[in-house]
Amino acid sequence: MNDNDGGAWSPYLAGALSGLVSICSVWLAGKYFGASTTFVRSAGMVEQAVDPERVAAMPYFMKEVPMIDWQWMFVVGIFIGALIASTTSGSFRWQALPEMWQTRFGPVRWKRWLVAFIGGTIGMFGARLADGCPSGHGLSGSMQLAVSGFVALVCFFAGGMIVARLLYGGGDQR
Amino acid sequence: MTTLLYGLVTGILFGFLLQKGRVLRYDKQLGALRLQDMTIIKFMLSAVLVGMVGVYLLSDLGLVKLSIKPMILGGVVVGGLIFGVGWGLLGYCPGTSLGAFGEGRWDSAWGILGMLCGAALYAEAYPLMKVTVLTWGNYGKITLPQVLGVSHWLVIPLFISGGLALFYWFEKKGL
């Protein structure tokens with residue numbers, strides 16, 4: 001894999017430091033990492049702009065109230081942090097298609113966009129049904145030794161591996 | 001307000017580390033799902049192993065509260081598998097999609113739009129899910145040490161040993 005684009009750290013180091021950041025977050029703010037609830041709150045905010053009465057009557061938006069909270073800012077922060085890290089190390093690249101995708105499926109952009117959109121829709125539906133994504137279940141759940149976190153992680157990878165195999169086939173070709 | 005600021009700063013630090021660890025890329029996420037490149041597993045597991053020691057230490061000292069999500073078989077298994085299918089198609093998860101956009105991989109923007117639609121769809125489906133899938137096999141907020149009936153300080157060293165053995169194997173295999 002091509003990593004020679006500057007500024008890469010060992011994933012062990014970056015991961016361990018993220019573990020420390022997450023401990024500090026729990027300690028100082030009482031907040032565990034998570035990301036997918038933010039998409040619910042954001043979708044709710046968009047829908048509120050169109051039809052506030054309907055949103056106010058929906059049970060899921062009563063549970064996850066459409067508002068900007070700690071996690072919403074956390075998710076925005078991920079964007080800013082990645083922007084800072086990539087632009088200061090020369091690894092920022094305005095790229096429409098991932099290399100692995102382009103090698104397998106060619107340079108037609110709309111195909112990737114369509115699959116990304118559909119994948120996002122399916123993925124978020126599943127994440128909300130599971131009550132968490134790789135941040136909430138995978139990181140926060142499993143670091144607390146939660147059974148739900150471990151089971152969710154196994155299911156995430158099982159589903160993902162099946163799709164990866166369907167898209168790219170078996171074998172070792174890269 | 002302070003809480004929001006904590007969220008932003010924590011997110012910036014995490015996003016910075018995700019980018020440095022090269023975890024945000026489609027090629028890395030699919031690389032893991034194709035069992036060719038274990039970068040994201042190395043990152044996640046390192047974070048989890050460090051996190052579990054810190055969080056349980058602070059919890060034993062009474063400084064933090066655990067926040068365990070309930071083990072609802074229907075929701076976690078069915079939802080988890082559905083999430084996996086979407087993840088394999090998109091190649092970014094909810095958190096990393098924003099980070100991938102931050103490093104200019106803008107195919108992620110279509111995924112972010114899709115995820116907003118997926119969240120809206122789930123909000124519509126929630127009343128139905130609540131009386132069906134989410135009632136299947138609810139075991140409550142359980143942890144592994146509780147299920148095994150042992151101290152978490154027995155489970156944590158086992159996880160760390162297992163994790164280090166896995167890391168050794170990854171490096172030996174060049175994954």
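Details of the structure are given in the entry above.
The present account deals with the structure reproduced in this document. Here the structure is a predicted model, which is why all the values come from computation and not from measurement.

Observations concerning the overall build of chain A
Right, on to step 1. When helices and strands are counted, chain A shows nine helices and zero strands.
Right, on to step 2. Each helix (α) and strand (β) of chain A, taken in turn from the N terminus, gives the series α-α-α-α-α-α-α-α-α.
Right, on to step 3. In terms of its C-alpha atoms, chain A occupies a principal-axis envelope of roughly 50 × 40 × 35 Å.
Right, on to step 4. Sequence separation of 24 or more characterises 53% of the internal contacts of chain A that already satisfy a separation of 6 or more.
Right, on to step 5. Counting only carbon and sulfur atoms, one obtains 67% of the accessible surface of chain A, whose full area is about 7,400 Å².
Right, on to step 6. Counting 12 positive and 10 negative side-chain charges, chain A places the centres of these two groups 7 Å from one another.

Thoughts on the packing of helix α5 (residues 94-102) of chain B against helix α6 (residues 107-131) of chain B
Residue and element names in this part refer to chain B.
Right, on to step 1. Two elements in contact, α5 and α6, have axes separated by 9 Å at closest approach and are oriented at 145°. With respect to the hand of their crossing, α5 and α6 are arranged in left-handed fashion. Touching Pro94, Ser97, Leu98, Ala100 and Phe101 of α5 are Ser108, Ala109, Ile112 and Met115, all from α6.
Right, on to step 2. Considered class by class, the residues forming the contact of α5 with α6 number seven nonpolar, two polar and no charged.

Quick word on the interface of chain A and chain B
Right, on to step 1. Each partner contributes residues to the interface: chain A has 118 residues there, and chain B has 117 residues.
Right, on to step 2. The junction of chain A with chain B conceals about 10,400 Å² of combined surface from both sides, 75% of it contributed by carbon and sulfur atoms.
Right, on to step 3. Counting across the chain A and chain B interface gives two salt bridges.
Right, on to step 4. With a closest N to O distance of 2.8 Å, B:Glu124 and A:Arg54 form a salt bridge.
Right, on to step 5. Here chain A is connected to chain B by 27 residue pairs in polar contact (both at pLDDT 80 or more).
Right, on to step 6. For the side of chain A that touches chain B, the secondary structure elements donating two or more residues are α1 (11-29), α2 (36-50), α4 (59-63), α5 (70-87), α6 (99-105), α7 (109-130), α8 (134-143) and α9 (147-168) of chain A.
Right, on to step 7. Here the element with the most residues in the side of chain A that touches chain B is α7(A); it accounts for 18 residues.
Right, on to step 8. Classifying every residue of the side of chain A that touches chain B gives 74 nonpolar, 29 polar and 15 charged.

Let's talk about the layout of surface pockets
Right, on to step 1. Roughly 530 Å³ of volume is contained in the largest pocket.
Right, on to step 2. The wall of the largest pocket is formed by 25 residues, among which A:Tyr32, A:Thr37, A:Gln71, B:Ser67 and B:Lys69 lie closest to the centre.
Right, on to step 3. Of all elements in the fold, only α2, α5 and α8 of chain A reach the threshold of two or more residues within the lining of the largest pocket.
Right, on to step 4. Looking at which element gives the most residues to the lining of the largest pocket, the answer is α2(A), with three residues.
Right, on to step 5. A per-class count over the lining of the largest pocket returns seven nonpolar, ten polar and eight charged.

Considering the nonpolar core
Right, on to step 1. Ranked by size, the top nonpolar core spans 93 residues in total, and within it B:Phe14, B:Trp87, B:Tyr122 and B:Met129 carry the most contacts.
Right, on to step 2. In terms of residue count, the dominant contributor to this core is helix α3 (residues 39-60) of chain B (twelve residues).
Right, on to step 3. If near-sequence neighbours (up to four positions away) are discounted, B:Trp87 is found in contact with A:Phe156, A:Phe157, B:Gln29, B:Leu33, B:Ile40, B:Tyr92 and B:Cys93.

Structural notes on the side chain of A:Ser42
Right, on to step 1. Along the polypeptide, A:Ser42 turns up in helix α2.
Right, on to step 2. Within polar-contact distance, the side chain of A:Ser42 engages the backbone oxygen of A:Thr38 at 2.7 Å.
Right, on to step 3. If sequence neighbours within four positions are ignored, A:Ser42 has contacts with A:Trp72 and B:Leu116.

Comments concerning the packing of helix α2 (residues 26-33) of chain B against helix α4 (residues 73-90) of chain B
All names here are of chain B.
Right, on to step 1. For the pair α2 and α4, the least separation of the axes is 9 Å and the interaxial angle reads 130°. Regarding the angle of α2 to α4, the classification is oblique. Contacts between α2 and α4 pair Tyr26, Gln29, Leu30 and Leu33 from the former with Trp87, Gly88, Leu89 and Leu90 from the latter.
Right, on to step 2. Classifying every residue of the contact of α2 with α4 gives six nonpolar, two polar and no charged.

Some points on the pattern of salt bridges
Right, on to step 1. Enumeration over the complete set of coordinates arrives at 13 salt bridges over all chains.
Right, on to step 2. A:Lys63 serves as the salt-bridge partner of A:Glu64, at 3.4 Å between the closest nitrogen and oxygen.
Right, on to step 3. Assessed through its relative accessible area of 10%, A:Glu64 is described here as buried.
Right, on to step 4. With its nearest N and O atoms 2.8 Å apart, the salt bridge here joins B:Asp107 to A:Arg112. Taken together, the positions of B:Asp107 in helix α6 and A:Arg112 in helix α7 put the pair across two chains.
Right, on to step 5. A relative accessible area of 1% means that B:Asp107 is categorised as buried.

What counts and how
- Residues numbered from 1 in each chain as written.
- Chains lettered and ligands numbered in written order.
- Predicted model: local features only at pLDDT ≥ 70, side-chain atom pairs only at ≥ 80, totals over all residues.
- Heavy atoms only, no water.
- Helix = DSSP H or I, 4+ residues; strand = E, 2+ residues; numbered from the N terminus.
- Contact = heavy atoms within 4.5 Å.
- Areas by Shrake-Rupley, 256 points an atom, 1.4 Å probe, with all protein chains shown as cover.
- Lys, Arg positive; Asp, Glu negative; His and termini not counted.
- Charge placed at Lys NZ, Arg CZ, Asp CG, Glu CD.
- Axes fitted to C-alpha atoms, helices over the stretch in contact; angles between N-to-C directions.
- Left-handed = near helix turned anticlockwise from the far one by under 90°.
- Nonpolar A, V, L, I, M, F, W, Y, C, P; charged D, E, K, R; others polar.
- Buried area = accessible area lost by both parts, 1.4 Å probe.
- Salt bridge = Lys/Arg side-chain N within 4 Å of Asp/Glu carboxyl O.
- Polar contact = N/O pair within 3.5 Å; in protein donor to acceptor, adjacent residues only side chain to side chain.
- 1 Å grid on protein atoms, 1.4 Å probe; cavity = no way out; pocket = protein on both sides within 12 Å on 5 of 7 lines; lining within 4 Å.
- Points joined across faces, edges and corners; volume = space filled by probe spheres on them.
- Core = buried A, V, L, I, M, F, W, Y, C linked by side-chain atoms within 4.5 Å.
- Buried < 20%, exposed > 50% of the residue type's maximum accessible area, 1.4 Å probe, protein only.
- Parallel < 35°, antiparallel > 145°, perpendicular 65-115°, else oblique.

In short, geometric facts, not functional conclusions.
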